[in-house]
Amino acid sequence: MSTRTEAARPARPSVLTALRQNGSGPVLVVLATLIAVMLVLNPGFYEPPSLMAFLRNAAPLVVLAIGQYFVIVSGEFDLSVGSLVGAQVVIAAKLINGEEDRTWPVIALMIGFGLLVGLVNGLVTTLLRVPSFITTLGTMLVLYGAIRLWTGGAPTGALSESFRQWGRMGIDMPVLRQLPYALLIMVALAVVGILLMRSSYGRVLVATGDNDTAAAFAGGRVWVVRTGAFVLSALFATVAGILVGGFAGVTAQVGQGMEFTAITAVVLGGVLLGGGRGWIVGAIAGALTYQLLERLLVQLDMPSTLNPTIQGVIIIAAVAFAANQSRMRRGRRTAPQTPAEPQPVGAA
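Conventions and cut-offs
- Residues numbered from 1 in each chain as written.
- Predicted model: local features only at pLDDT ≥ 70, side-chain atom pairs only at ≥ 80, totals over all residues.
- Heavy atoms only, no water.
- Helix = DSSP H or I, 4+ residues; strand = E, 2+ residues; numbered from the N terminus.
- Buried < 20%, exposed > 50% of the residue type's maximum accessible area, 1.4 Å probe, protein only.
- Contact = heavy atoms within 4.5 Å.
- Areas by Shrake-Rupley, 256 points an atom, 1.4 Å probe, with all protein chains shown as cover.
- Phe/Tyr/Trp six-rings, centres within 6.5 Å; stacked < 30°, edge-to-face > 60°.
- Salt bridge = Lys/Arg side-chain N within 4 Å of Asp/Glu carboxyl O.
- Pairing = 2+ DSSP bridges.
- Polar contact = N/O pair within 3.5 Å; in protein donor to acceptor, adjacent residues only side chain to side chain.
- Expected span 1.5 Å × (residues − 1).
- pLDDT = per-residue confidence, 0-100.
- Core = buried A, V, L, I, M, F, W, Y, C linked by side-chain atoms within 4.5 Å.
- UniProt positions renumbered as here; feature names shortened; annotations may be inferred.

Novice: What am I meant to see in the overall build of the chain here?
Specialist: Looking only at helices and strands, one finds 15 helices and two strands in the chain. By the burial criterion, 43% of the 348 residues in the chain qualify as buried. A fraction of 78% describes how many contacts in the chain between residues 6 or more apart in sequence connect residues 24 or more apart. About 17,900 Å² of surface is accessible on the chain, with carbon and sulfur atoms providing 66% of the total.

The structure is reproduced here in structure tokens:
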């Protein structure tokens, strides 16, 4: 009886099979290769203080990529996160204006504003059925224009030290010298994202990206989970803005282009454009890979102007790969079934 029960259970896929199915295998290979190359070129990079500084600087992109992952795996885009990061930093600087006692009320206001932006993006996309590309592009332009109008074209005010500590300070330790708060926040949000994707919400979100009609017929509330993805994306962008403001300060260019960098990191992590496939760990690995690639270009004295070219190549390759995967999936679904051979009359 026990043998029959065990045989009825589906076999758990191996690690290699799981990596191949969710598309995150290649980025882990690339990340391991870049780690090895950097080890040869600059062994000092892996000394604890230097490594902690790298992870601190990478934390905003990782957080932004996690938020973008929720949207992309559901079959949508969020182009507003870069402008939201910039808007949040500018708003914080103008409202705090160097006053320590204003820090936490302003952070609470930033979170509320981020949730509102995400909710508007989600509802316009799901209920009004405006394509998310157009919705979030419009939001991006609205935020840029509103902030420039409010500040007169140049950011004003100053961030308090208690605000900036989350992006540039940490816990003093003997070996590491300092464990960055940004790294701790990044790890905490990564764990939250992984647990969320293992829940029923995450399963419905992936099913929605794969086939929203089938997900709706199966009882999934498609518009709810997609709206939630936009809200999560905006919330994570707000946290990224807090971290960016910590070590970069307030400039007119803060947040500019980060939406494309986040999308590049997510698709580099094997998340399928169009939704339905991808692993949140792959998106995190994609962000770390992109950040390490930028560091490697600096190590090789390559111009930073090469970064947009790299982003473009990655996005074009990812779109081509996604189109090929979609054709293969449609081919498997429409392939004719081989009819069973007829059994002889009287056969047992």
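Novice: Explain the packing of aromatic side chains here, please?
Specialist: Given two aromatic rings, their pairing is described by the distance between the two centres and the angle made by the two planes. What the rule picks out here adds up to six aromatic pairs. Measuring from centroid to centroid gives 5.8 Å for Phe70 and Phe236, while their planes differ by 75 degrees, and the two rings are edge-to-face. Note that Phe70 is positioned in helix H4 (residues 48-73) and Phe236 in helix H12 (residues 222-248), a separation of 166 residues in sequence. Comparing Phe70 with Phe236 shows no difference in burial state: the two are buried. Look at Trp166 and Tyr181: their rings are 5.2 Å apart centre to centre, the planes differ by 55 degrees, and that puts the pair in the tilted class. Of the two residues, Trp166 is situated in helix H8 (residues 161-168) and Tyr181 in helix H9 (residues 181-198); the sequence distance between them amounts to 15 residues. Exposure remark for Trp166: the relative accessible area of 22% places this residue in the partly exposed category. Accessibility expressed as a relative area gives 22% for Tyr181, which makes it partly exposed.

Novice: Could you clarify how one ought to interpret the pattern of salt bridges in this entry?
Specialist: As a working rule, side chains carrying opposite charge can pair if their charged atoms are close by. For the coordinates displayed, the defined rule picks out three salt bridges. Between Arg168 and Glu161 there is a salt bridge, and its shortest N-O distance comes to 2.6 Å. Between Asp212 and Arg226 there is a salt bridge; the shortest N-O distance is 3.3 Å. Placement of Asp212 in helix H11 (residues 212-217) and of Arg226 in helix H12 is noted, with a sequence separation of 14 residues between them. Given the relative accessible area of 11%, Arg226 is considered buried. Within this structure, Glu76, Asp212 and Arg226 form a network of salt bridges that share partners.

Novice: It is not clear to me how the pairing of strand S2 (residues 177-180) should be interpreted in this structure. Could you clarify?
Specialist: Every regular strand shows the same layout, with side chains that alternate between the two sheet faces. As judged from the four bridges shared by strand S1 (residues 170-173) and S2, these two strands associate in the antiparallel manner. Counted as the bridge partner of Asp172 is Gln178 from S2. Hairpin connection from S1 to S2: three residues lie between these consecutive antiparallel strands.

Novice: So what exactly am I meant to see when it comes to the side chain of Thr261 here?
Specialist: Tracing the backbone through its elements, the reader meets Thr261 in helix H13 (residues 258-268). In terms of polar contacts, Thr261 uses its side chain to reach the backbone carbonyl oxygen of Gly257, at 3.2 Å. Not counting chain neighbours up to four residues away, the residues in contact with Thr261 comprise Leu61, Tyr290 and Gln311.

Novice: I tried to follow H12 on my own but got confused; where do I start?
Specialist: One turn of an α-helix holds 3.6 residues; hence residues three or four places apart share an orientation. With 27 residues, H12 extends 38 Å from end C-alpha to end C-alpha; this agrees with the ideal 39 Å at 1.5 Å per step. A large share of H12 lies buried, amounting to 21 of its 27 residues. Positive phi appears at Gly249, one or two residues downstream of H12, with a value of about 75 degrees.

Novice: Explain the confidence of the model for the chain to me, please; I cannot follow it from the model alone.
Specialist: Low pLDDT means the predicted atomic positions in that stretch should not be read closely. Chain-level statistics for the chain give a pLDDT mean of 84 and a share of 84% at 70 or above. Of the regions scoring below 50 in pLDDT, residues 1-11 engages in zero contacts with residues more than four places distant in sequence or in other chains.

Novice: Just checking my understanding: could you explain the nonpolar core for this structure?
Specialist: Residues Val63, Leu64, Ile66, Tyr69, Phe70 and Leu205 are the most contacted members of the largest nonpolar core, which totals 67 residues. The leading source of residues in this core is H4, at 15 residues. For Leu205, the contacting residues outside a window of four places in its chain are Phe70, Val73, Ser74, Met197, Val225 and Ala229. The next biggest cluster of nonpolar side chains, apart from the first, holds nine residues, and it includes Ala92, Ala93, Ile96 and Val106.

Novice: Explain the UniProt feature "transmembrane region" (unreviewed entry) in the chain here, please?
Specialist: UniProt's feature table lists "transmembrane region" (unreviewed entry) at residues 23-41, 53-73, 103-124, 130-150, 179-197, 229-250, 262-285 and 305-323, given in the numbering used throughout. Helix makes up 100% of residues 103-124 and strand makes up 0%, while its end C-alpha atoms are separated by 32 Å. With 90% helix and 0% strand, residues 130-150 has end C-alpha atoms that lie 28 Å from one another.

Novice: Got a minute to help me understand the environment of Met169 in this structure?
Specialist: Within the secondary structure, Met169 is located in the loop between H8 and S1. Sequence-wise, Met169 and Phe247 are 78 residues apart; in three dimensions their C-alpha atoms are separated by 8.7 Å. Setting aside residues up to four positions removed in sequence, Met169 forms contacts with Gln178, Pro180 and Tyr181.

Novice: Whenever I open this one, unusual backbone geometry confuses me. Can you help?
Specialist: Only a minority of non-glycine residues have a phi that is not negative, and only a minority of peptide bonds are not trans. Phi angles above zero are rare outside glycine, and Asn97 is one such case at about 50 degrees. Counting through the fold element by element, Asn97 comes out in the loop between helix H5 (81-96) and helix H6 (103-126). With phi around 60 degrees, Arg129 is a residue other than glycine that occupies positive phi space. Residue class for Arg129 comes out exposed when judged on its relative accessible area of 71%.

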